[in-house]
Every structure is written in structure tokens, then in C-alpha cells.
Amino acid sequence: MATDPSEYDKSIPAVAAHLAKVERAVDRTRASHGGRPYAEVHQALVEALQAEDTQRVVPQVVEAFARRISESPANQ
């Protein structure tokens, strides 16, 4: 079963909007929690994603972002 390529084109704005929300949540968490313990960063990131109404993020992606934020100081 083939998918019509125009269906992909129709979904691009929604995907872009979702990714922008995720990016804002990650940036905000990095600025406020960079270098802090993983558990604290993870909780802050989950809350930031909820505030952006982006609960549909793969858990492994949230964990990877939280780990990277935890490993880097806030000013980097």
C-alpha cells in the first residue's frame, strides 16, 4: 500500500510546530537546570514539555535530552 506524498506535505506544519515546542522546552530546561542531577533535570524537562503541551515525546528522547542537559553546565 503506497502513501500519497502529498499527505506528508500536509503534515509538515504540524510536525514543525510540535518540534518547536519541544525545542522551547529543552532550551528552557537547559538554561535553568544545566549541570544539575539527572533526576532533577528529567523532572524539570517533563514539566516544561507539559507546559508546552507536548506530552507525546518518546520517553527515550526525553531521557537522552535530560542526560545531555545534566552533563552540561547551564551557560554552555
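Residues numbered from 1 in each chain as written. Predicted model: local features only at pLDDT ≥ 70, side-chain atom pairs only at ≥ 80, totals over all residues. Heavy atoms only, no water.

Draft legend 1. Structural detail: the overall build of the chain. Across its full length, the chain holds three helices and zero strands. Reading the chain from its N terminus to its C terminus gives the helix and strand order α-α-α. By the compact-globule yardstick of 11 Å for 76 residues, the chain is too spread out, its C-alpha radius of gyration being 15 Å. Dimensions of the chain, computed from C-alpha atoms along their principal axes, come out at roughly 45 × 20 × 20 Å. When contacts within the chain are restricted to residue pairs at least 6 apart in sequence, long-range pairs at least 24 apart make up 66% of them. Split by element, the accessible area of the chain, about 5400 Å² in all, is 55% carbon and sulfur. In the chain, which carries 9 positive and 11 negative side-chain charges, the distance between the mean positions of the two groups comes to 3 Å. (Helix = DSSP H or I, 4+ residues; strand = E, 2+ residues; numbered from the N terminus. Rg over C-alpha atoms; globule rule 2.2 N^0.38 Å. Contact = heavy atoms within 4.5 Å. Areas by Shrake-Rupley, 256 points an atom, 1.4 Å probe, with all protein chains shown as cover. Lys, Arg positive; Asp, Glu negative; His and termini not counted. Charge placed at Lys NZ, Arg CZ, Asp CG, Glu CD.)

Draft legend 2. Representation of unusual backbone geometry. A positive phi is found at D53, a non-glycine position, where the angle reads about 60°. Overall, D53 belongs to the exposed group, its relative accessible area being 54%. (Buried < 20%, exposed > 50% of the residue type's maximum accessible area, 1.4 Å probe, protein only.)

Draft legend 3. Focus on the packing of helix α1 (residues 5-33) against helix α2 (residues 38-51). Packing of α1 against α2 brings their axes to within 9 Å, and their N-to-C directions diverge by 145°. At the point where α1 passes α2, the crossing takes the right-handed sense. In this structure, α1 uses V22, A25, V26, R28, T29 and H33 to contact α2, whose residues at the interface are E40, V41, A44, L45, A48, L49 and A51. Residue composition of the contact of α1 with α2, by class: nine nonpolar, two polar and two charged. (Axes fitted to C-alpha atoms, helices over the stretch in contact; angles between N-to-C directions. Left-handed = near helix turned anticlockwise from the far one by under 90°. Nonpolar A, V, L, I, M, F, W, Y, C, P; charged D, E, K, R; others polar.)

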